Amino acid sequence: MEVARPPTLYLICGKIAAGKSTLAKNLAAQPATLLISEDHWTSHLFADDLKTIEDYGRLSARLRAAIGPHVVDILRQGLSIVLDFPANTVRNRDWMRSLITQANVAHELHLLDFPDGICKQRLRQRNASGEHPFQVSDAEYDQFTRHFVPPRPDEGFNVVVHTS
């Protein structure tokens, strides 16, 4: 007899093209687990308005404000959620922490720890495939990566590190 897992919020941290969305899909394959992807929502809601990193910051904040209460409600109903939003800054993680607190659920923060060279190689392959909703240049990668802050122990997350 399978024991029911408590609802859990799965979070993902990693540079562009580190494999966050692939990991998110794998985590969401668990029973009673829902995947919510920022790229999916932003590409459908804001595609024409997403031109700069400032646009991303503004529109991502709007999406977080709209979807946060929904995430909490789903978790309170007993489903787990894989939140495929980048947990790449302290500010984003603070928002994610507020969801955990409001829903009073378990969590895991998955950190994909790969060097820039590997991420850029994967990014070029991803861009060439045309399957991802956003094309990112090396320069944009560098711009976004400057804002990347790995989680610190004092943030209090249950971190699972992936290095391969």
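In what follows, the structure referred to is the one given above.
Description of the structure in this document. Note that this is a predicted model, so its numbers are computed, not measured.

## Looking at the packing of helix 2 (residues 38-45) against helix 3 (residues 53-76)
Then step 1. Relative to each other, helix 2 and helix 3 sit at 110°, their axes nearing to 11 Å. As summarised for this structure, helix 2 and helix 3 are arranged roughly perpendicular, according to the angle between their axes. Relative to helix 3, helix 2 is oriented so that their crossing is right-handed. Touching Glu 38, Trp 41, Thr 42 and Leu 45 of helix 2 are Tyr 56, Ser 60, Leu 63 and Ile 67, all from helix 3.
Then step 2. Tallied by class, residues from the contact of helix 2 with helix 3 come to five nonpolar, two polar and one charged.

## So, the pattern of salt bridges
A side chain of one charge can pair with a side chain of the opposite charge when the charged atoms of the two come close.
Then step 1. Counted according to the given criterion, the structure contains six salt bridges.
Then step 2. A salt bridge links Glu 155 to Arg 93, with the nearest nitrogen and oxygen atoms 2.8 Å apart. Highlighted residues: Glu 155 in the loop between helix 6 (138-145) and strand 5 (159-162) and Arg 93 in helix 4 (residues 90-103), separated in sequence by 62 residues.
Then step 3. The residue Lys 120 makes a salt bridge to Asp 142 at a minimum N-O spacing of 2.9 Å. With a gap of 22 residues between them, Lys 120 in helix 5 (residues 116-129) and Asp 142 in helix 6 connect regions that are remote in the sequence.
Then step 4. You can call Lys 120 buried: its relative accessible area is 18%.

Conventions used here
- Residues numbered from 1 in each chain as written.
- Predicted model: local features only at pLDDT ≥ 70, side-chain atom pairs only at ≥ 80, totals over all residues.
- Heavy atoms only, no water.
- Axes fitted to C-alpha atoms, helices over the stretch in contact; angles between N-to-C directions.
- Helix = DSSP H or I, 4+ residues; strand = E, 2+ residues; numbered from the N terminus.
- Parallel < 35°, antiparallel > 145°, perpendicular 65-115°, else oblique.
- Left-handed = near helix turned anticlockwise from the far one by under 90°.
- Contact = heavy atoms within 4.5 Å.
- Nonpolar A, V, L, I, M, F, W, Y, C, P; charged D, E, K, R; others polar.
- Salt bridge = Lys/Arg side-chain N within 4 Å of Asp/Glu carboxyl O.
- Buried < 20%, exposed > 50% of the residue type's maximum accessible area, 1.4 Å probe, protein only.

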